[in-house]
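Spelled out from the first residue to the last, the chains are:
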Amino acid sequence: MVDNEETGCLQRLLSVGKLQICKFIIYFVWLVNFIFSCADIYIYYFILKEHMPCWDCLFRSYMIIALTVNALMAPLLIVGFFFIYSHLCREIRIVIYATVLFLATWLQMMLTILFAQQYQIVGDVLRIWMNRKSLEFYESRCQCCGVLGPDDYKLGDLNIPKSCYKNGSERDEDLYRSGCSTRSIKPASPIIHVISFVIQYVLVICIEVFLIILLRSKSQPTSMWSERVTERFGSVKK
């Protein structure tokens, strides 16, 4: 009887110790993850800021989606920290939270893979040209002129804009000869984004481990009670 109680107390102490260690690991991973999430927001914000003048650019819409997803990760991480720290949530809520965090991380990973590719601007260029709007945004940044070249303006009886010239000099030797449809946007280095979603996956794993330890620690008192009942009254046989 005494041995069982001592064993039960020892098991409870071990479970509490494991929970505390797991919580400290989660806090550390959470802090690193939060820092990298803020870095993701910072990077996407400045990319979006650079492309903000181009209202007809599809790339701009992609950046808005990426910035929104990463901005929503911050409150999601804060909620998770509150769950683990306060112990005010039930196990089912932790499971739901871990599932939501996993799906959000998966979406972030897909966006990272998408933006790691070079973005071909031919679709945006054709859309802007067909809408008879200025290609100045791409011409000045990609050092190109028109859709296929400067002749596009000549065929349309249009003046070649200053954005088709180097530094807007309007000199023939500074004219960009290549069309913007052949250009692409080089992606930023995805290292920060990759590290970010990898750390988030680690956080999901840590939360799942914490949940398993928590469930086992709560099941121990029930098993001890069953042992005491069995010792006092014997096993029930049908």
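For the chain, the name recorded in an unreviewed UniProt entry is Tetraspanin 66A, isoform E, with Drosophila melanogaster as its organism. On record in UniProt, under Subcellular location (unreviewed entry), the comment for the chain is "Membrane".

Once that is clear, we can look at the UniProt feature "transmembrane region" (unreviewed entry) in the chain. As recorded in UniProt, the sites labelled "transmembrane region" (unreviewed entry) are residues 24-47, 59-85, 94-116 and 191-215. With 96% helix and 0% strand, the stretch residues 94-116 has end C-alpha atoms that lie 32 Å from each other. The annotated region residues 191-215 carries 100% helix and 0% strand content, and the separation between its end C-alpha atoms amounts to 36 Å.

Met63, Ile121, Val125, Tyr138, Cys145, Ile160 and Cys164 are the most contacted members of the largest nonpolar core, which has 31 residues in total. Those elements giving two or more residues to this core turn out to be helix H1 (2-51), helix H2 (58-86), helix H3 (91-115), helix H4 (122-130) and helix H5 (136-142). Looking at which element gives the most residues to this core, the answer is H2, with five residues. Contacts of tyrosine 138, omitting those with residues within four sequence positions, involve Cys54, Cys57, Ile121, Asp124, Val125, Ile128, Gln143, Cys144, Cys180 and Ile185. Formed by 23 residues, the second largest nonpolar core is a distinct cluster that contains Ile94, Leu101, Phe210 and Leu214.

A pair can form between side chains of opposite charge whenever their charged atoms are brought close. One pass over the full model with this rule turns up three salt bridges. Here arginine 127 ties to aspartate 124 by a salt bridge, and the two come within 2.8 Å at their closest N and O atoms. Remark: aspartate 124 and arginine 127 occur in helix H4; sequence separation between them is three residues, near one turn of the helix. The partly exposed category is assigned to arginine 127, whose relative accessible area is 34%. Salt bridges sharing common partners tie together Arg171, Glu173 and Asp174.

Moving on to the state of the cysteines. The full count for this structure, using the stated rule, is three disulfides. Bridging cysteine 54 to cysteine 57, the disulfide has an S-S length of 1.5 Å. On the sign convention where negative is left-handed, the bridge of cysteine 54 and cysteine 57, at about 70° about the S-S bond, is right-handed. Comparing cysteine 54 with cysteine 57, the two get one shared label, buried. Two residues, cysteine 145 and cysteine 164, share a disulfide whose sulfurs are 2.2 Å apart. Between cysteine 145 and cysteine 164, the S-S torsion sits near 85°, and that sign places the bridge as right-handed. In this pair, cysteine 145 is assigned in the loop between H5 and helix H6 (151-155) and cysteine 164 in the loop between H6 and strand E2 (184-185), connecting sequence segments 19 residues apart. According to the relative accessible area criterion, cysteine 145 is buried, its value standing at 0%. Bonded cysteines in the chain are paired 1-2, 3-6, 4-5 when counted in the order they occur along the chain. The cysteine cysteine 206 is free of any disulfide, with cysteine 22 supplying the nearest cysteine sulfur at 6.1 Å.

Conventions we followed
- Residues numbered from 1 in each chain as written.
- Predicted model: local features only at pLDDT ≥ 70, side-chain atom pairs only at ≥ 80, totals over all residues.
- Heavy atoms only, no water.
- UniProt positions renumbered as here; feature names shortened; annotations may be inferred.
- Helix = DSSP H or I, 4+ residues; strand = E, 2+ residues; numbered from the N terminus.
- Core = buried A, V, L, I, M, F, W, Y, C linked by side-chain atoms within 4.5 Å.
- Buried < 20%, exposed > 50% of the residue type's maximum accessible area, 1.4 Å probe, protein only.
- Contact = heavy atoms within 4.5 Å.
- Salt bridge = Lys/Arg side-chain N within 4 Å of Asp/Glu carboxyl O.
- Disulfide = S-S within 2.5 Å.

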